[in-house]
Amino acid sequence: MIQKFGWYWYLSGNEDKLREDKCGKWMYFFTDQDIAQELCQKAIDNKICYECKCTDMEVANTDSGVICFYVNGDDTENHKRVIRFMMENNLIRKTKKGTYYNISFKFDEQTSCREYGADFEGRLKLGDFIDLQTGEFK
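Residues numbered from 1 in each chain as written. Predicted model: local features only at pLDDT ≥ 70, side-chain atom pairs only at ≥ 80, totals over all residues. Heavy atoms only, no water.

## Some points on helix α1 (residues 33–45)
For step 1, the next point in the chain: Between its first and last C-alpha, α1 extends 18 Å over 13 residues, near the 18 Å set by a 1.5 Å rise per residue.
For step 2, the next point in the chain: Taken together, the buried positions of α1 are Gln33, Ala36, Gln37, Leu39, Cys40, Ala43 and Ile44. Angular distribution of buried residues about the axis of α1 spans 160 degrees; they occupy a single face of the element. The outward face of α1, more than 90 degrees from its buried face, is lined by the exposed residues Asp34, Glu38 and Asp45. (Helix = DSSP H or I, 4+ residues; strand = E, 2+ residues; numbered from the N terminus. Expected span 1.5 Å × (residues − 1). Buried < 20%, exposed > 50% of the residue type's maximum accessible area, 1.4 Å probe, protein only. Arc of directions from axis to C-beta.)

What follows is the structure, given as structure tokens:
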């Protein structure tokens, strides 16, 4: 783990496989720093993603943060590992009807272009990989 610039970074040793033109992240928003750090370490230990990071809430002076699980946008198997990990650890919320929210994968280029909130439109969504009602992979 590396603490730098308001983030805790977790590296797999294979982060060189991330391609700048394809890299992006699945995100989970949290309020418990300890649990976020445990989840990041667990993801790296279990080879879920090439790298991940979570907000350092103390440095950021905030009551909430985000975990980012990094993969290449065209790496379907890696997407599946991250999504499975997120589902197994209850990191994807469900609607009142019990279906998964159709969360988006965010490419780093979208972050660089400051696409946030209403300006952000995910090109890849959870529903591209799983049935949102059953959680089964397509």
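## Some remarks on the nonpolar core
For step 1, the next point in the chain: Among the nonpolar cores identified, the biggest contains 31 residues, and Trp26, Cys49, Cys52, Cys54, Ile67, Phe69 and Val82 are the most heavily contacted of them.
For step 2, the next point in the chain: Counting 6 residues, the second-largest nonpolar core is a separate cluster that includes Leu18, Tyr50, Val66 and Tyr70. (Core = buried A, V, L, I, M, F, W, Y, C linked by side-chain atoms within 4.5 Å.)

## Some thoughts on the layout of surface pockets
For step 1, the next point in the chain: Taken as a whole, the largest pocket encloses approximately 300 Å³ of empty space.
For step 2, the next point in the chain: Along the walls of the largest pocket sit 10 residues, with Met27, Tyr28, Phe29, Leu91 and Ile103 positioned nearest its centre. (1 Å grid on protein atoms, 1.4 Å probe; cavity = no way out; pocket = protein on both sides within 12 Å on 5 of 7 lines; lining within 4 Å. Points joined across faces, edges and corners; volume = space filled by probe spheres on them.)

## Let's talk about the side chain of Lys25
For step 1, the next point in the chain: Assignment of secondary structure puts Lys25 in strand β3 (residues 23–30).
For step 2, the next point in the chain: Reaching out from Lys25, the side chain makes a polar contact with the side chain of Asp108 at a distance of 2.9 Å. (Polar contact = N/O pair within 3.5 Å; in protein donor to acceptor, adjacent residues only side chain to side chain.)

## Remarks on the pairing of strand β5 (residues 65–72)
For step 1, the next point in the chain: Among the 8 residues in β5, 8 count as buried, and that is most of the element.
For step 2, the next point in the chain: Residue alternation in β5 divides its side chains into two sets, Gly65, Ile67, Phe69 and Val71 and Val66, Cys68, Tyr70 and Asn72, and both sets are buried.
For step 3, the next point in the chain: By the bridge criterion, 8 bridges tie β3 to β5 in an arrangement that is antiparallel. When the bridges of β5 are listed, Phe29 appears paired with Val66.
For step 4, the next point in the chain: Pairing of strand β4 (residues 51–55) with β5, which is carried by 4 bridges, proceeds in the antiparallel orientation. (Pairing = 2+ DSSP bridges.)

## Some thoughts on the packing of aromatic side chains
For step 1, the next point in the chain: The tally for this structure, following the rule as stated, stands at 5 aromatic pairs.
For step 2, the next point in the chain: Summarising the aromatic geometry, the rings of Trp9 and Tyr70 are spaced 6.4 Å apart at their centres and angled 15 degrees between planes, so their arrangement reads as stacked. Taken together, the residues span a long stretch of sequence, with Trp9 in strand β2 (residues 7–11) and Tyr70 in strand β5 at a distance of 61 residues.
For step 3, the next point in the chain: Given the relative accessible area of 5%, Tyr70 is considered buried.
For step 4, the next point in the chain: A centroid spacing of 5.1 Å and a plane angle of 90 degrees characterise the contact between Phe105 and Phe107, whose relative ring orientation is edge-to-face.
For step 5, the next point in the chain: On the basis of relative accessible area, Phe105 is assigned to the buried category, the value being 0%.
For step 6, the next point in the chain: An aromatic cluster is defined as three or more aromatic residues linked by ring pairs; in this entry it consists of Trp26, Phe105, Phe107 and Phe129.
For step 7, the next point in the chain: Cation over ring: Lys53 sits above Trp7, and NZ or CZ is 3.9 Å from the ring centre.
For step 8, the next point in the chain: Sitting over the face of the ring of Tyr100, Lys94 holds its NZ or CZ atom 4.7 Å from the ring centroid. (Phe/Tyr/Trp six-rings, centres within 6.5 Å; stacked < 30°, edge-to-face > 60°. Lys NZ or Arg CZ within 6 Å of the ring centre and 35° of its normal.)

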